[in-house]
Amino acid sequence: MSNSRERIFNSLRRGLGRGPEDAKAQAAVNARLSAMARNLVPQRAQLPHPQQVKLFIEKITALTVTVQRVASTAAVPDAVADYLVLHNLPTEIRMAPHDELRALPWQKRPLLQLSEGPGRATDLVSLTPAFAGIAETGTLMLHSGPQNPTTLHFTPDNHIVVLRASQISGSMEDAFAKLRAQVGGADHWPRTVNMVTGPSRTADIEGVPVLGAHGPRRLHVVLIEDVPQDAAQAQQP
Amino acid sequence: MSAHITSPAFKDNAKAALADPNLRKAMAIIAGPMAGRRVESASELPEFEALRDEAVKIKNHTLAHMDIYLERFEAAATARGAHVHWCRTPREARETVLALCRSRNARTVTKGKSMVTEEIGLNAFLEQHSIQPVETDLGEYIIQLAHEPPSHIIGPALHKTREQVAELFEEHHPDYAPNGIKPGPRSTEPQTLVSEARAVLRERYFQADVGITGANFLVAENGATMIVTNEGNGDLTQSLPKMHIVVTSIEKVIPTLEDVSTILRVLARSATGQEMSVYTTVSCGPKRPDDADGPEEMHIVLLDNGRSEMLGGELQELMRCIRCGACMNNCPVYQSVGGHAYGWVYPGPIGAALDPHLIGLEAAQHLPNASTFCGKCQEVCPMRIPLPKIMRHWREQAHDKRITPPMQRWGIEAWAWLAQRPALYRLATRIGMTALRAVAGSKGRLRSLPLADGWTAQRDFPAPQPGGSFMAQWKSGRRR
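Note that the coordinates shown come from a computational prediction; the quantities given were computed from them, not determined experimentally.

1. Side note on the overall build of chain B
So, step 1. In terms of helices and strands, chain B carries 22 helices and 12 strands.
So, step 2. By the compact-globule yardstick of 23 Å for 480 residues, chain B fits well, its C-alpha radius of gyration being 25 Å.
So, step 3. Its C-alpha atoms give chain B principal-axis dimensions of roughly 85 × 60 × 45 Å.
So, step 4. Put simply, chain B has 480 residues, and 58% of those count as buried.
So, step 5. Taking as baseline every contact in chain B between residues at least 6 positions apart, the subset at least 24 positions apart corresponds to 73%.
So, step 6. With the model as given, the accessible surface of chain B reaches about 19,600 Å², and the carbon-plus-sulfur share is 54%.

2. Details of the pattern of salt bridges
So, step 1. With the rule as written, the count across this model stands at 48 salt bridges over all chains.
So, step 2. For A:Arg5, the salt bridge goes to B:Glu74, with nearest N and O atoms at 2.6 Å. Residue A:Arg5 is located in helix 1 (residues 2-16), and its partner B:Glu74 is located in helix 4 (residues 66-79); the two belong to separate chains.
So, step 3. With a closest N to O distance of 3.7 Å, B:Arg91 and B:Glu95 form a salt bridge. Taken together, the positions of B:Arg91 and B:Glu95, both in helix 5 (residues 90-103) and four residues apart, correspond to about one turn of that helix.
So, step 4. Accessibility expressed as a relative area gives 52% for B:Arg91, which makes it exposed.
So, step 5. B:Glu95 sits in the partly exposed class, given a relative accessible area of 35%.

3. Overview of the domain arrangement of chain B
So, step 1. What the domain assignment lists for chain B is domain 1 (1-43 + 332-404), domain 2 (45-305) and domain 3 (423-475).
So, step 2. The gap between the C-alpha centroids of domain 1 of chain B and domain 3 of chain B is 31 Å.

4. With respect to the side chain of A:Asn39
So, step 1. Structurally, the position occupied by A:Asn39 is in the loop between helix 2 (23-35) and helix 3 (49-62).
So, step 2. A polar atom in the side chain of A:Asn39 sits 3.5 Å from the backbone oxygen of B:Glu258.
So, step 3. At 3.0 Å, the side chain of A:Asn39 and the side chain of B:Asp259 are in polar contact.
So, step 4. Among residues more than four places away in sequence, those in contact with A:Asn39 are A:Arg32, B:Glu54, B:Ile58, B:Glu258, B:Asp259 and B:Thr262.

5. Brief notes about the interface of chain A and chain B
So, step 1. If you look at the interface, chain A gives 83 residues, while chain B gives 104 residues.
So, step 2. Per-residue buried area on chain A facing chain B is highest for A:Arg191, A:Glu206 and A:His214; these three make up 13% of the total on that side.
So, step 3. At the boundary of chain A with chain B, the tally comes to 15 salt bridges.
So, step 4. Residue classes in the side of chain A that touches chain B are distributed as 37 nonpolar, 27 polar and 19 charged.
So, step 5. In terms of strand pairing, strand 9 (residues 192-196) of chain A meets strand 9 (residues 279-283) of chain B through five bridges, oriented antiparallel. Bridging from a neighbouring strand, A:Val196 pairs with B:Tyr279 of strand 9 of chain B.

6. Focus: the environment of A:Glu173
So, step 1. With respect to the helices and strands, the residue A:Glu173 is situated in helix 6 (residues 172-183).
So, step 2. With a relative accessible area of 0%, A:Glu173 lands in the buried category.
So, step 3. Spatially, the C-alpha atom of A:Glu173 lies 38 Å from that of A:Asn88, the residues being 85 residues apart in sequence.
So, step 4. Discounting residues that sit within four places of it in the chain, A:Glu173 has contacts with A:Arg38, A:Val41, B:Glu258, B:Ser261, B:Thr262 and B:Arg265.

7. Comments concerning the sheet that holds strand 8 (residues 253-254) of chain B
Working definition: the strands of a sheet are paired by backbone hydrogen bonds and lie parallel or antiparallel to each other.
So, step 1. Strand order in the open sheet formed by eight strands is 8(A)-5(A)-6(A)-9(A)-9(B)-6(B)-5(B)-8(B), with mixed pairing between adjacent strands. Only two strands of the sheet have a single neighbouring strand rather than two, namely strand 8 (168-169) of chain A together with strand 8 of chain B.
So, step 2. Note: strand 5 (residues 217-219) of chain B against strand 6 (residues 224-229) of chain B, three bridges, orientation antiparallel. Opposite B:Leu218, over in strand 6 of chain B, you have B:Thr225 as the bridge partner.

8. Focus: helix 3 (residues 48-64) of chain B
So, step 1. Here helix 3 of chain B contains 17 residues, and its C-alpha end-to-end distance of 24 Å stays within 8% of the 24 Å for a straight helix at 1.5 Å per residue.
So, step 2. Regarding helix 3 of chain B, the residues found buried are B:Phe48, B:Leu51, B:Arg52, B:Glu54, B:Ala55, B:Val56, B:Ile58, B:Lys59, B:His61, B:Thr62 and B:Leu63.

9. Observations regarding the packing of aromatic side chains
Residue and element names in this part refer to chain B.
So, step 1. This model, assessed by the stated rule, comprises nine aromatic pairs over all chains.
So, step 2. Aromatic rings pair up to connect Phe10, Tyr334 and Tyr342 into one cluster.
So, step 3. Its guanidinium or amino end placed over the ring of Tyr346, Arg323 lies 4.8 Å from that ring's centre, counting from NZ or CZ.
So, step 4. Just above the ring of Trp455 sits the side chain of Arg459; from NZ or CZ to the centre is 4.2 Å.

The rules we used
- Counting restarts for each chain: residues are numbered from 1 in the order of the written sequence.
- Both sets of labels track the order of writing: A upward for chains, 1 upward for ligands.
- Where local features are concerned, this predicted model is filtered to residues with pLDDT of at least 70; where side-chain atom pairs are given and counted, the filter is 80 or more; whole-chain, interface and lining totals use all residues.
- To get the side-chain values, all heavy atoms of the structure are used, and hydrogens and water are removed first.
- Segments assigned H or I by DSSP are reported as helices when at least four residues long, segments assigned E as strands when at least two residues long, and all are numbered from the N terminus.
- The quantity called the radius of gyration is restricted to C-alpha atoms. Its globule counterpart is 2.2 Å times the number of residues to the power 0.38.
- Think of it in three bands: with a 1.4 Å probe and only protein chains considered, a residue is buried below 20% of the maximum accessible area for its type, exposed above 50%, and partly exposed in between.
- The contact criterion used is simple: two residues touch if any of their non-hydrogen atoms lie within 4.5 Å.
- Calculation of accessible area relied on Shrake-Rupley with a 1.4 Å probe; when residues are assessed, cover is drawn exclusively from the protein chains displayed.
- A pair is scored as a salt bridge if a Lys or Arg side-chain nitrogen falls within 4 Å of a carboxyl oxygen belonging to Asp or Glu.
- Source of the domain bounds: an automatic or database domain assignment.
- Here a polar contact means two N or O atoms within 3.5 Å. Within protein one must be a hydrogen donor candidate and the other an acceptor candidate, and residues neighboring in sequence count only if both atoms are side-chain atoms.
- The buried area of a pairing is the accessible area, by a 1.4 Å probe, that goes missing from both parts when the two are put together, added over both.
- Residue type decides the class: Asp, Glu, Lys and Arg count as charged, Ala, Val, Leu, Ile, Met, Phe, Trp, Tyr, Cys and Pro as nonpolar, and the leftover types, Gly among them, as polar.
- Note on pairing: two strands pair once DSSP finds at least 2 bridges between them.
- One fewer than the residue count of a helix, multiplied by 1.5 Å, yields its expected span.
- Pairing of aromatic rings covers Phe, Tyr and Trp, the last counted by its six-membered ring, and requires centre-to-centre distances within 6.5 Å; plane angles under 30 degrees mean stacked, over 60 mean edge-to-face, and any other angle means tilted.
- Only when the NZ of Lys or the CZ of Arg is both within 6 Å of the ring centre and within 35 degrees of the ring normal is a charge said to sit over the ring.

Shown next, in the form of structure tokens:
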């Protein structure tokens, strides 16, 4: 439909009263796309890091997300196993094939049955890493990749996310900036970036909020406190 | 053969809606909790009003450079491996989607919520061509079972009561038996009904050959499309099948992720009162070669349908709309008659302003009049769209193009003639008031009045009180 494309652009330019090669307009667009300047960012999203962590926990807890804080990666398998026991869940976990998760001391909990791969219709529990936490709204940022099947964020009833306190940032802008820096330009942008704010919900029947519409009914965060309190204090201005 | 239009029958639709007890119950939810949640969440963010101003600025800048941002979006999306299809009309968009589905020999397609697919009447078209569309958003699923159009842009089935939903489920999943046990009389608890829809739709996601979603934003920076949802159905729809088709419209383009971040801060708060919707997803091309999951193909179908003609004119500001639904949640007319009465895809104040352009003023002539001009829609619109001004524009157009009935036009012209002659106008109102008082007698009310049976059919018309007109009282210094 190349003809349609041309007609749409002609119509747009008629309305704007200028041609396609307008230098001033092109310059304005280039400037905005290269500056990637932030607009107004709320105060709440610009706190020092220790307060960001506190706000993040407050926000996700208010969304009915549960959080278990652990001192180091070594404690993650225990935290995961405890969660399964608490909710009377089977010991089968569908895990992202991610290096950091594989490196955890799973041998401490030999009864856990880990399998790796994308989400399946029957999975009850998934375990994935996170890319960032956003304190402003209690949002988790996760993305796709060879080690990150995104279906794991949606198919199971219970989604367990492993997050480090050092990955928590204030605003969405902070998290996007971090992702851009990590992937190194739009060419390497992942297929999918999921920003998850609480468990799946719907209010489509009489406006009554119900959890677990199609995605996870429960969301659980194992938070590794990798920023020592004194180091975090020192970061403060 | 876009979505079916009943807008010309707005008056009859509204009358029927007012007499429907189920609808009264549903509308109380919209006017109560739904409108209330927006106020709460907006008041919890001190910067909310300033963020609205920022959001307006972003969209105004984008619209002023819309052609260039669309080109940049297209180039970036193409570089990520997505295919962009430009469609001027609903027909072109439907045929593009059909051809894509056929290229995969698709028999079922799952669908995330998309108002643009409603606008182009996609479901009926696919069905005619032996492709089964399965709506997966709970509200859309319910109305698909009921063969009804959506009544609200973010809560398509809010006009249905829980009893009606339970009946539909009984009819359509008679064999539903969780854990192999067929339950007794079906529960009407929303929690139980949601679990049932979840279980039934779960298999469909995995069976589908193609997944169709809409888009809330098109990001020029990296060529991504974005969806904002609560249920997670859109994400399952776009990550499980081999092909992901995004059907959306050209005005969704936004420069950068920073700009998106700002607009997201006002979107969910205005829509449902959440700070963020549960799932905000950025999708960029098909799966990468080494990715563990994701679609092999991604197609973006961009519909114009007259939007490009809105640039540079009276309607340009409508393209700032982010489809949050705040205007309808807060509209006294919508709260009374519901979405179906408007008779086309976009109801409420945004529909009253937009539909005349999309389906023609002739068909939509009643919609700009379905307003008390209370201004609440403009007050709550996160993008500060001057909806009453645009409705007034359509009323003037209807008058100038002689679409309104002759009696009405002559009446307005006569009034305008009189109103431009203040002395004569005051004399006429004095005579009119005296006459009305005389006819009303001691009761001070009139049971019927020529040309005003729209009022007097329901209630008496109060006769003017002694003391003179407002103008006369003002002049005599009785100001309070």
